[in-house]
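Overview (structure and organization)
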Amino acid sequence: MTSLFPGAGTALNVLTVLIGAGLGMAVGHRLREHTRSVVTDVLGLVTLLVAGLSAMAVTDVALSDAVGSGFPVLIVLGSLLIGSITGSMLRIEERLEGLAGTIQGWVSRRSKDSSIEGGSDHASRERFIEGWLTASLLFCVGPLTILGALNDGLGRGIDQLALKAVLDGFAALAFAASFGVGVLLSAVSVLVVQGALTVVGVLLGDLVPDAHISALTATGGLMLAGIALRLLRIRDIPVGDMLPALIVAPLLTQLVIWLR
């Protein structure tokens, strides 16, 4: 598909997420609590599946060829450790909860939707964060996101982002039915992340190396696994504090390449 302008793929993706999340919010509050709980469990299992598929990027040939066969797992481990320590020191999870309370309070004063009332309640903020963080990671981490946005910026079409937009729209519908307005906010994450990558494609005129994409995808996969454990109510892992790992992963990959 030919891009009408740089960023057209991202605009389409943001639109489908907004439509999907809007539809999910419209029907979500009509579901029984038990039904919502079952939907959340299903989303947790699907997120675990996506996490496993993403984490398998650690075995990609491009990554092992670039850094050596013994380093891919160490790069993912180092990225998560450095990113988690940094995020913990910056209190990202705590700040996200505070931001969630502010946004929910603002929204609840302007809406009578029962799924977003009680913005000051801790459990409600946790639900908001899980919705936003889970959807944002699913929509913004992976080869389709990176390659699709870069190819859009390079003027090579929006085929990948068009496919991703359809998938994200249906995913947003399912998640918003359980988590409400937090999923709607993930459209902003898509706009920022994919928009920035599109700009990179326009400015650099080349693709990010496959090895860096693989490291980023594998690291994001383990973070998605943490999200899945939260959705399944197994363990409350502070995935928000791990977000810097997504920046550390490609940087650490490049450092290992330089040192070889």
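A short tour of the structure in this document, coming up.

Leu137, Phe139, Phe175, Val183, Met223 and Val239 are the most contacted members of the largest nonpolar core, which has 47 residues in total. Here this core gets nine residues from one element, more than from any other, and that element is helix 6 (residues 122–140). With sequence-adjacent residues up to four places away left out, Val183 is seen in contact with Val17, Ala21, Gly131, Trp132, Ala135, Ala172, Phe175 and Ala176. Counting residues in each nonpolar core, the second largest holds nine residues, with Ile75, Ala211, Ala215 and Ala249 among its members.

With that settled, consider the packing of aromatic side chains. Counted according to the given criterion, the structure contains one aromatic pair. Consider the rings of Phe175 and Phe179, whose centres lie 6.3 Å apart with planes at 25°: the pair is stacked. Here Phe179 and Phe175 lie together in helix 8 (residues 159–179), a separation of four residues that amounts to about one turn.

Okay, the pattern of salt bridges next. Applying the stated criterion across every chain yields a total of four salt bridges. Note that Asp41 and Arg233 form a salt bridge whose closest N and O atoms lie 2.7 Å from each other. One end of the pair, Asp41, is in helix 2 (residues 33–55); the other, Arg233, is in the loop between helix 10 (210–231) and helix 11 (245–259), and 192 residues separate them in sequence. Since its relative accessible area comes to 54%, Arg233 is described here as exposed. Put simply, Asp168 and Lys164 hold a salt bridge, and the shortest N to O gap is 2.6 Å. Residue Asp168 and its partner Lys164 are both found in helix 8; the two are separated by four residues, about one turn of the helix.

Position of Thr145 relative to the elements: it lies in helix 7 (residues 143–153). By relative accessible area, Thr145 is classed as buried at 1%. A distance of 3.0 Å separates a polar side-chain atom of Thr145 from the backbone oxygen of Phe139. In contact with Thr145, not counting residues within four places along its chain, are Phe139, Cys140, Leu161, Lys164, Val193, Gln194 and Leu197.

Take Gln194: it is sitting in helix 9 (residues 181–204). With near-sequence residues (within four places) excluded, Gln194 lies in contact with Thr10, Asn13, Phe139, Thr145, Ala149, Leu161 and Lys164.

Attention shifts here to unusual backbone geometry. With glycine set apart, most residues show a phi of negative sign, and most peptide bonds adopt trans. Of note, the phi angle at Arg91 is positive, near 55°, even though the residue is not glycine. Residue Arg91 is classed as partly exposed on the basis of its relative accessible area, which comes to 41%. One non-glycine residue, Arg233, lies in positive phi territory at about 60°.

Reading the values: the criteria
- Residues numbered from 1 in each chain as written.
- Predicted model: local features only at pLDDT ≥ 70, side-chain atom pairs only at ≥ 80, totals over all residues.
- Heavy atoms only, no water.
- Core = buried A, V, L, I, M, F, W, Y, C linked by side-chain atoms within 4.5 Å.
- Buried < 20%, exposed > 50% of the residue type's maximum accessible area, 1.4 Å probe, protein only.
- Helix = DSSP H or I, 4+ residues; strand = E, 2+ residues; numbered from the N terminus.
- Contact = heavy atoms within 4.5 Å.
- Phe/Tyr/Trp six-rings, centres within 6.5 Å; stacked < 30°, edge-to-face > 60°.
- Salt bridge = Lys/Arg side-chain N within 4 Å of Asp/Glu carboxyl O.
- Polar contact = N/O pair within 3.5 Å; in protein donor to acceptor, adjacent residues only side chain to side chain.

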